[in-house]
Amino acid sequence: MPKVILLYCSMSGNTEEMAEIIEKTMKKQGLEVLAFQIDLDDIAAADLLDYDAILFGTYTWGDGDIPYETEDFYDDMEEIDLTGKVVALFGSCDSMYPHYGGAIDTFAERFKERGAASVLYHLKVDLTPDEDDMKRCEVFAEEFVKELSISIP
């Protein structure tokens, strides 16, 4: 069974809510998932090396910027090789800004630069997840589990 880590950063609780739905759905699928909140839990970029698959959630700050609390994590990713890791990204965004969900895109590029085998499913939710968005989070998790069964036998 693949080792899966779910890490996220949340300011208003929206991305945290998404992470909880994703984690719960994956556990229903029989997958063990360890969840960490960046800047609150003791987690470092190098810890990603211990996992086969990574779910990464972040909100976007300002006009497409990564949140302050993820800056060190982002910089530390420069030092690790994520070759072969399966990654999916998600987060709460604000459609008021021209670069909708820019932090998700920035982290997706960093994961690709570091050699991740698959960088999938950029799930973006406009502000607080509504009922449809919650369903999208469940589908996101289910699709990720399917991808893992193909990528990591």
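Relevant structure appears above.
Residues numbered from 1 in each chain as written. Predicted model: local features only at pLDDT ≥ 70, side-chain atom pairs only at ≥ 80, totals over all residues. Heavy atoms only, no water.

### Regarding the pairing of strand β4 (residues 86-93)
Looking along a regular strand, one sees side chains alternate from face to face of the sheet.
Then, number 1: The buried fraction of β4 is high, at 8 of 8 residues.
Then, number 2: Alternating positions in β4 separate into two faces, V86, A88, F90 and S92 on one and V87, L89, G91 and C93 on the other, with burial throughout.
Then, number 3: Two elements, strand β3 (residues 53-58) and β4, share 5 bridges in a ladder whose sense is parallel. Across the sheet, residue L55 finds its bridge partner in β4, namely A88.
Then, number 4: Tracing the backbone out of β3, into helix α2 (residues 71-76) and back to the parallel element β4 gives a crossover that is right-handed. (Buried < 20%, exposed > 50% of the residue type's maximum accessible area, 1.4 Å probe, protein only. Helix = DSSP H or I, 4+ residues; strand = E, 2+ residues; numbered from the N terminus. Pairing = 2+ DSSP bridges. Right-handed = clockwise from strand over helix to strand, strands pointing away.)

### Observations regarding the nonpolar core
Then, number 1: In terms of nonpolar packing, the biggest core is built from 28 residues, with L48, F56, F73, L89, F107 and F111 touching the most fellow members.
Then, number 2: Elements supplying a minimum of two residues to this core: β1 (4-9), β3, α2, β4 and α3 (102-113).
Then, number 3: At 5 residues, α3 tops the list of elements feeding residues into this core.
Then, number 4: Not counting residues within four places of it along the chain, the set of residues in contact with F107 comprises F56, T58, I66, T70, F73, Y74, M77 and L89.
Then, number 5: One finds Y8, I21, A88 and F140 within the second-largest nonpolar core, a separate group that totals 25 residues. (Core = buried A, V, L, I, M, F, W, Y, C linked by side-chain atoms within 4.5 Å. Contact = heavy atoms within 4.5 Å.)

Treat this as a map of the structure, not an account of what it does.
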